[in-house]
Amino acid sequence: MILDLQQLTAGYRKLQILHELSLHVDRHEIVSLIGANGAGKTTTLRAIAGLIGTMGGKIVFEGEEIQGQRPDTIVRSGLVHVAQDRALFGDLQVWENLEMGAYTQPRSSIKGSLDEVFDLFPILAERRKQVAKTMSGGQQQMLAIGRALMARPRCLTLDEPSVGLAPNLVSQVLDAIKAIRDSGVTVLIVEQSARQALAISDRAYVIENGAIVLEGTGAELSDDPRVREAYLGM
Ligand code: ATP
């Protein structure tokens, strides 16, 4: 197990959103967390990344409790988050955004990391000198993921990587996520478009009102009548 949330309680000021939420991610898995708008998916990832405090429970990464640690400490320990808004440096070029992602890494490793990201997303190599904000939504998503990989994570968390993308780009991004998993990085992904997330997931959890209500393999959940009705529109 690489990441283990144990009865995690978290929220905003006094507003509790996550209620003793437990889930785990094994090494080299893609695990997705699916659920309706407002169920607490983003809050879960923000808590893991140290962007919001926790109110109770534990977040264990590679055997160490990380709840309460600073976001940059968590990045340095190998757990890197890609936020839904992507948070790119819009006025900087593609390669500059990527280099920024390597701020925790020795300079000597940057060239190798860049080559890996360019292998995964050839479009970023072609457009390395393009200003980030002038790229399409799909390319910006690839850049956000590429920038996260520059920190050489062992576990990547992705908040709705397919949101707002044209269907052909969604499959490109999801294929890249599989390639990232195959390269040895564990992935926890949050998605509202459950169908595609389940298709690439080794396992998945369903979150409702801040707690896990179902779990299974991607295939099991795709076949579950409750999931089909509530999340797959069937
Ligand atoms: P979405 O797909 O809409 O992002 P989600 O499952 O990711 O949904 P969260 O973003 O985690 O849901 O939100 C869970 C709840 O927390 C919602 O009721 C939301 O209104 C509330 N919430 C989110 N951010 C804040 C905040 N900064 N302050 C107060 N409440 C917030």
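The numbers attached to residues start from 1 for each chain and follow its sequence in the written order. Residues qualify for local features only when their pLDDT is at least 70, as the model is predicted, and side-chain atom pairs are given and counted only at 80 or more; totals for whole chains, interfaces and linings, by contrast, use all residues. Only hydrogens and water are set aside; all other atoms, that is, all heavy atoms of the structure, feed into the side-chain values.

- In the annotation of an unreviewed UniProt entry, the protein chain is listed under the name High-affinity branched-chain amino acid transport ATP-binding protein LivF and assigned to Nocardioides dokdonensis FR1436.
- UniProt positions are given in the numbering used here, feature names are shortened, and annotations may be inferred rather than shown by experiment. UniProt, in its Sequence similarities (unreviewed entry) section for the protein chain, records the words "Belongs to the ABC transporter superfamily."

### Focus on the overall build of the protein chain
Now for step 1: By the criteria applied, helices consist of DSSP H or I runs no shorter than four residues and strands consist of E runs no shorter than two, each listed in order from the N terminus. Helix and strand content of the protein chain: ten helices and ten strands.
Now for step 2: Against the globule reference of 17 Å for 234 residues, the protein chain gives a C-alpha radius of gyration of 17 Å, in line with a compact fold.
Now for step 3: Each principal axis of the C-alpha distribution contributes one length, and for the protein chain these read about 45 × 40 × 30 Å.
Now for step 4: Each residue gets one of three labels from its accessible area relative to the maximum for its type: buried under 20%, exposed over 50%, partly exposed in between, using a 1.4 Å probe on protein chains only. When each of the 234 residues of the protein chain is scored for burial, the buried share is 51%.
Now for step 5: In what follows, a contact means two residues having at least one pair of non-hydrogen atoms within 4.5 Å. Pairs at least 24 residues apart make up 68% of the contacts formed inside the protein chain by residues separated by at least 6 positions. For this measure, only C-alpha atoms enter the radius of gyration; the expected value for a globule follows 2.2 Å times N^0.38, where N is the number of residues.

### Topic: the sheet that holds strand 7 (residues 155-159)
In sheet architecture, strand pairing relies on hydrogen bonds along the backbone and comes in two forms, parallel and antiparallel.
Now for step 1: Being paired, for any two strands, means DSSP has found at least two bridges between them. Pairing is mixed in the open sheet, where six strands are placed in the order 6-7-8-3-9-10. Of all the strands in the sheet, just strand 6 (79-82) and strand 10 (211-217) have a single pairing partner and so form its edges. Taking the axes of each pair of neighbouring strands and ignoring which way they run, one obtains an average angle of 15° across the sheet.
Now for step 2: Bridge count between strand 9 (residues 203-208) and strand 10: six bridges; the pairing is antiparallel. Note that in strand 10 the partner of Val 206 across the bridge is Leu 214.
Now for step 3: Think of each axis as a best-fit line through the C-alpha atoms, taken over the contacting stretch in the case of a helix, with angles from 0 to 180 degrees between the N-to-C directions. Here helix 6 (residues 137-149) sits on the sheet and contacts strand 6 and strand 7; the angle it forms with strand 6, its principal contact strand, is near 165°.
Now for step 4: Helix 7 (residues 167-182) contacts strand 3 (30-34), strand 7 and strand 8 (186-191) of the sheet and is inclined by roughly 155° relative to strand 8.

### Some thoughts on the side chain of Glu 160
Now for step 1: Summarising the element assignment, Glu 160 is placed in the loop between strand 7 and helix 7.
Now for step 2: For the buried Glu 160, no salt bridge exists, and the shortest N-O distance to an oppositely charged side chain is 4.3 Å, to Lys 41.
Now for step 3: The contacts of Glu 160, once residues within four sequence positions are left out, are Lys 41, Gln 84, Gln 141, Val 190, Glu 191 and Gln 192. Within this scheme the basic residues Lys and Arg register as positive and the acidic residues Asp and Glu register as negative, but His and the chain ends are omitted. The rule for a salt bridge is simple: a side-chain nitrogen of Lys or Arg has to be within 4 Å of a carboxyl oxygen of Asp or Glu.

### Section: the confidence of the model for the protein chain
Now for step 1: Per residue, pLDDT measures the predictor's confidence, with a range of 0 to 100. Taken residue by residue, the protein chain gives an average pLDDT of 93. The fraction at 70 or more is 100%.
Now for step 2: This prediction of the complex comes with two scores: 0.94 for pTM and 0.92 for ipTM.

### Some words on the sheet that holds strand 4 (residues 54-61)
Now for step 1: The four strands are arranged 2-1-4-5 in an open sheet whose pairing can be described as antiparallel. Looking at the sheet topology across the chains shown, the edges are occupied by strand 2 (15-25) and strand 5 (64-65).
Now for step 2: Note: strand 4 against strand 5, two bridges, orientation antiparallel. Within strand 5, the residue paired with Phe 61 across the bridge is Glu 64.

### Some words on the environment of His 28
Now for step 1: Tracing the chain through its elements places His 28 in the loop between strand 2 and strand 3.
Now for step 2: Assessed through its relative accessible area of 44%, His 28 is described here as partly exposed.
Now for step 3: Through-space distance from the C-alpha of His 28 to that of Asp 85 is 26 Å; in sequence the pair is 57 residues apart.
Now for step 4: With residues up to four places along the chain from it excluded, the contact list for His 28 reads Arg 181, Gly 184, Thr 186 and Asp 202.
Now for step 5: By the criterion applied in these results, polar contacts are pairs of N or O atoms within 3.5 Å in which, for protein atoms, one can donate a hydrogen and the other can accept it, and in which residues neighboring in sequence qualify only through two side-chain atoms. A polar atom in the side chain of His 28 sits 3.2 Å from the backbone oxygen of Gly 184.

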